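Each chain, written out:
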Amino acid sequence: MELGRMRLRRPGLEAEITIGEITILAGPSGSGKSYVALALYAVLRALAARRSNRVLRRLLEALGWPELSARIGGYVVEVRGAHVEIRGEGRAPLPVYLPADRLCVAKWYPLLAGLQMADGVAQLAAQALGPVGDFISMLFAAQAASRLPAKRRELYDVFVRRAGIEVYFDGDRIAVEWEEGRSDVQLAPSGYAGLAPLGLLLRYGLIKKGSFVVWEEPEAHLSKDAVGKVAGLISDLAGRGVWFLLTAHSDDLIGALGKGRVYLFERRGRGYVAVER
């Protein structure tokens, strides 16, 4: 199943990717994986905001205005310099961004939640941080949903079964439970803590069937066995209608998944080119 295609160029980087239910961007640090992932997030975010040129401009300005074209869900997006054009009608999935530094954000969440009460300071900061700010806003929304009557969600059940942990809000703190114990996310094993934000967004309905998850370095802080569990989690969620774009540094996750479209960022001259494997 394909969602669409995107082509991107900037000095030192060229990528043309077909977006499947699981798409993996792999390569060394500095090769452009995250840049391409963020560009696709920007496009999807703009389409989900009713074809908002303003949203796309704000996000692409931070990326230095790459040359970009995309065809996604009935839409055509063209970016040349600072000129942005969105045409067509269709449906695009709501993107969710899980940054590489999600563990740090989760550990500092009580402070962010406190700032949220201070005349919108946290909301203004979130807007200034772009996709990471969107991630923080998603956590705020998950905490708000945690105060509503509990609903058991199928996708969260998949998370619990595959990851072997439960996550939830305990006031302004993020709690993690596993077979051997329970703690705040600050003191939880790093592998479990790194998965906590995904669990929260699944538990409180921010990630659902049809969502598009841009997940940076899912294998971070995980043993090889744990990477296999995360691969099973991704595969199960994709089979239930969640789209994934993943960035990865190693072959461990790619090998454990055994499926999806894989693009390797290879050195060519003075830059990198994404090559489908």
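For the structure, see preceding data.
What counts, and at which threshold
- Residue numbering note: each chain is counted from 1, following its sequence as written.
- Confidence filtering applies because this is a predicted model: local features only for residues at pLDDT of at least 70, side-chain atom pairs given and counted only at 80 or more, and all residues used for totals across whole chains, interfaces and linings.
- Only hydrogens and water are removed before side-chain values are computed, so all heavy atoms of the structure are retained for them.
- A strand pair is defined by DSSP finding two or more bridges across the two strands.
- Helix and strand assignments follow DSSP, with helices taken as H or I runs no shorter than four residues and strands as E runs no shorter than two, numbered in order from the N terminus.
- For helices, the fitted line uses only the C-alpha atoms of the stretch in contact; every axis is such a line through C-alpha atoms, and the angle between N-to-C directions lies from 0 to 180 degrees.
- The criterion used for residue contact is that any of the two residues' heavy atoms lie within 4.5 Å.
- Salt bridge, as used here, is a side-chain nitrogen of Lys or Arg placed within 4 Å of a carboxyl oxygen of Asp or Glu.
- Each residue gets one of three labels from its accessible area relative to the maximum for its type: buried under 20%, exposed over 50%, partly exposed in between, using a 1.4 Å probe on protein chains only.
- Definitions used for this entry: grid spacing 1 Å over protein atoms alone; cavity, a set of points where a 1.4 Å probe fits but cannot get out; pocket, an open set with protein on both sides within 12 Å along at least 5 of 7 lines; lining residue, one with an atom within 4 Å of a point.
- Grid points are joined across faces, edges and corners, and a volume is the space filled by probe spheres set on the points.
- In the scheme used here, Gly and all other residues not listed as nonpolar or charged are polar, with Ala, Val, Leu, Ile, Met, Phe, Trp, Tyr, Cys and Pro taken as nonpolar and Asp, Glu, Lys and Arg as charged.
- Buried residues of nine kinds, namely Ala, Val, Leu, Ile, Met, Phe, Trp, Tyr and Cys, make up a nonpolar core once their side-chain atoms join them within 4.5 Å.
- To estimate how far a helix should reach, multiply one less than its number of residues by 1.5 Å.
- Note that the bend at a residue is defined as the angle between axes fitted to the seven residues ending at it and the seven residues starting at it.

### Some points on the sheet that holds strand β10 (residues 181-184)
Reading across the sheet, the three strands line up as β8-β9-β10 and stay open at both edges, with antiparallel pairing between neighbours. The open sheet has two free edges, formed respectively by β8 (165-170) and β10, since each of these has just one partner strand. Here the average twist between neighbouring strands, direction ignored, is 20°. Note that β8 and strand β9 (residues 173-178) share six bridges and pair antiparallel. Looking across to β9, one finds that Y168 is bridged to A175. Contacts from helix α8 (residues 190-203) reach β8 and β9 within the one sheet, and its direction differs from that of β8 by about 70°.

### Examining the side chain of S69
Residue position: S69 is located in strand β4 (residues 67-72). Apart from residues lying up to four places away in sequence, S69 is in contact with R5, M6, R7, V77 and E78.

### So, the sheet that holds strand β13 (residues 261-268)
Taken in spatial order, the 11 strands make up an open sheet running β6-β5-β4-β1-β2-β14-β13-β3-β12-β11-β7, and their pairing is mixed. Lying at the two open borders of the sheet, with one neighbouring strand each, are β6 (83-88) and β7 (95-98). The sheet shows a mean angle of 15° between the axes of neighbouring strands, direction not considered. Taken together, the six bridges between strand β5 (residues 75-80) and β6 define a ladder with antiparallel strand orientation. Note that in β6 the partner of R80 across the bridge is H83.

### Points about the pattern of salt bridges
Within this structure, the stated rule accounts for 16 salt bridges. Between D170 and R182 there is a salt bridge whose closest N-O contact spans 3.0 Å. Of this pair, D170 sits in strand β8 while R182 sits in strand β10, and the two are 12 residues apart along the sequence. For D170, a relative accessible area of 41% puts it in the partly exposed group. Taking the relative accessible area as the measure of exposure, R182 reaches 42% and is therefore partly exposed. Ionic pairing is found between D251 and R277, a salt bridge with its closest N-O pair at 4.0 Å.

### A word on empty space enclosed by the protein
Over the atoms, a rolled probe matching the size of one water molecule traces out where space is still vacant. Under the criterion given, the structure shown has one cavity of 30 Å³ or more. Its volume calculated, the largest cavity comes out at about 30 Å³. What lines the largest cavity is R102, G191, G194, L195, P218, A220, H221 and L222. Top element by residues in the lining of the largest cavity is α8. It accounts for three residues. A breakdown of the residues in the lining of the largest cavity according to their chemical character gives four nonpolar, three polar and one charged.

### Some words on the pairing of β7
Neither face of β7 is open: one carries P95 and Y97, the other V96 and L98, and all of them are buried. Pairing of β7 with strand β11 (residues 212-216), which is carried by four bridges, proceeds in the parallel orientation. Opposite P95, over in β11, you have F212 as the bridge partner.

### Considerations on the environment of E89
With respect to the helices, strands and loops of the structure, E89 is situated in the loop between β6 and β7. We classify E89 as exposed; its relative accessible area is 61%. Separated by 38 residues in the primary sequence, E89 and R51 place their C-alpha atoms 9.1 Å from one another. Residues within four places of E89 in sequence aside, it is in contact with R51, G73, G74 and Y75.

### Focus: the side chain of S211
Of note, S211 is situated in the loop between α8 and β11. In contact with S211, other than residues within four places in its own chain, are P93, L94, L206, G241, V242 and W243.

### A few points about the nonpolar core
Counting 61 residues, the largest nonpolar core has F159, L201, W215, I234, F244 and L246 as the members making the most contacts within it. Every residue in contact with F159, bar those within four places of it in the chain, is listed here: G164, I165, V167, L195, L198, G199, L202 and L233. Judged by nonpolar contacts, the second largest core, of 42 residues, contains L3, L47, L59 and L63.

### Side note on α8
Taking 1.5 Å per residue as the helical rise, α8 with its 14 residues ought to reach 20 Å, and the 20 Å between its terminal C-alpha atoms agrees with that figure. Of all bends in α8, the biggest is about 35°, found at A196, and the proline P197 comes one to four residues later. Burial analysis of α8 places 11 of its 14 residues in the buried class, the great majority of the element. When we look at burial in α8, the residues that qualify are G191, A193, G194, L195, A196, P197, L198, G199, L200, L201 and L202. G205, located one to two residues past α8, shows a positive phi value of around 80°.

Geometric descriptors of this kind do not, in isolation, establish any biological role.
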